[in-house]
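Per-entry structural report
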Amino acid sequence: MGVNQKVRIGMIGYQFMGKAHSHAYRDLSFYFENPLKPELTVIAGRNEEAVKEAQEKMGWKSYETDWKKVIERDDIDVIDIVTPNHTHAEIAIAAAKAGKHIITEKPLALTVEEAKEMLQAVEENGVKHMICHNYRFVPAVQYAKKLIEDNKIGRVYHYRANYLQDFIMDPNFPLVWRLKKEVSGSGALGDIGAHSIDLARFLIGEFAEVTGTMETFIKQRPVGEMTGGLNAKGDANEMGEVTVDDAALFIARFENGALGTFEATRFAGGNRNKNKFEINGEKGSIRWDMENMNNLEVYFADDEEGTQGFRLINCTEAVHPYAGAYWPPGHIIGYEHTFIHLIDEFFRGIAEDYQPAPNFDDGVKNQIILEAIEKSSENKSWVSIE
Ligand SMILES: NC(=O)c1ccc[n+]([C@@H]2O[C@H](COP(=O)([O-])OP(=O)(O)OC[C@H]3O[C@@H](n4cnc5c(N)ncnc54)[C@H](O)[C@@H]3O)[C@@H](O)[C@H]2O)c1
């Protein structure tokens, strides 16, 4: 594809992530000199009234009520999958066979087997693919990666991650798709733990083995559905069984010898979206927290005696990846911008013919770790990551 060429998007789904991705397509060319210009060509959903409303509100040119029609259309270059996890494989495999480039939300699939089939489909059909681990694209996280690569903290000893939410703590929060194994694969583990796994792999390297434990605190809930964002509505007269974990804790050994401790829970009251990591190395430490996403805290052991301690870097300078595209230093950016950066990378991959990351291969590796944690929780054992 040439410079300034249109890339025509067909997006399946239109709620929480549909809004985040639509915004990213709309703003990409405003901030970034990307060779491709997205055109919001068609949006798909099953409910005609709702999808039409979303089409108008988010600025899409047309809508379909059957995702298969989107894939059949020859005016579509990219399929964007923002539907629940159990649909990712079928849609992605059909899109790959139709020669469309694909961006899908995480986790890649419900099982490792399904994830591998998806990877095989994109590789066999020679299309570009990405999985939406958007937290990699926070400027502060990208800068943390640079500090590690520049050997500023030396050998890494510890990777410590918590991903803490509390939106389902109320026992009356309904039984939505996120709480059903056949739709979501797992609970807190695959929904938010998957992001922590991706950040760890991105920042310090591959997992060697894991052991974990999982718990479902509230076993029954009123049946209901998501209504946008992390909101939901339910019917108190009908109860159903929760079939996924509410919390997952695990520890890991990395191939480079580092130790990892991880906690993913939706029962950490007061923590709305606290996605955090701290990395301790021989020469320094780095820590970051999504709720203050523009800031990175760093500690360097060779700082002058008396001045040692964590210092705060506001990652809004031109030297911080992506930040220079926006505002003067100190004028912060937010959650939605992470998706713009990810899509910038995706389109560069398409335009310049390289495979961007994180992609389906990362999705498979992530799924292998998720499955290993579930297995270790069942067997109370360590599981090595092949
Ligand atoms: N990257 C992130 O940080 C992040 C955050 C939230 C969700 N997600 C992921 O994004 C995906 C969607 O999550 P969400 O929060 O946007 O969900 P949501 O419930 O807000 O929206 C799901 C959308 O999919 C549609 N849909 C549901 N079942 C469908 C089917 N069978 N066929 C066609 N359309 C269907 C719904 O109508 C809705 O538009 C999930 O895979 C989730 O794990 C990622």
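Before going into details, it helps to say that this report is about the structure given with it.

Criteria and thresholds
- Residues numbered from 1 in each chain as written.
- Predicted model: local features only at pLDDT ≥ 70, side-chain atom pairs only at ≥ 80, totals over all residues.
- Heavy atoms only, no water.
- Core = buried A, V, L, I, M, F, W, Y, C linked by side-chain atoms within 4.5 Å.
- Buried < 20%, exposed > 50% of the residue type's maximum accessible area, 1.4 Å probe, protein only.
- Helix = DSSP H or I, 4+ residues; strand = E, 2+ residues; numbered from the N terminus.
- Arc of directions from axis to C-beta.
- Polar contact = N/O pair within 3.5 Å; in protein donor to acceptor, adjacent residues only side chain to side chain.
- Contact = heavy atoms within 4.5 Å.
- Expected span 1.5 Å × (residues − 1).

1. Looking at the nonpolar core
- Formed by 112 residues in total, the largest nonpolar core has its most connected members in Tyr159, Leu203, Phe207, Phe277, Trp288, Leu296 and Phe347.
- Examining the composition of this core, we find that nine residues originate from one element, helix H8 (residues 188-203), more than from any other.
- Within the second largest apolar cluster, eleven residues are counted, among which are Leu175, Val176, Met226 and Val244.

2. Describing helix H2 (residues 48-58)
- Within H2 the residues assigned to the buried category are Val51, Ala54, Gln55 and Met58. All buried residues of H2 project into a common sector of 105° when viewed along the axis, lining one side. In H2, the exposed positions that point more than 90 degrees away from the buried face belong to Glu49, Glu53, Glu56 and Lys57.
- Taking the backbone nitrogen of glutamate 49 as reference, a side-chain oxygen 3.1 Å away marks asparagine 47 as the first, capping residue of H2.
- At the C-terminal side of H2, glycine 59 shows a positive phi close to 85°.

3. Remarks on the environment of isoleucine 197
- Locating isoleucine 197 in the fold gives a position in helix H8.
- Apart from the residues lying within four places of it in its own chain, the contact partners of isoleucine 197 are Phe207, Phe250, Asn366, Ile369, Leu370 and Ile373.

4. With respect to helix H9 (residues 335-352)
- In this model, H9 (18 residues) spans 27 Å end to end at C-alpha, consistent with the 26 Å of a helix rising 1.5 Å per residue.
- Extensive coverage of H9 is indicated by the burial of 14 of its 18 residues.
- Following H9 by one or two positions, aspartate 353 has its phi on the positive side, about 60°.

Interpretation in functional terms is not warranted from these geometric data alone.
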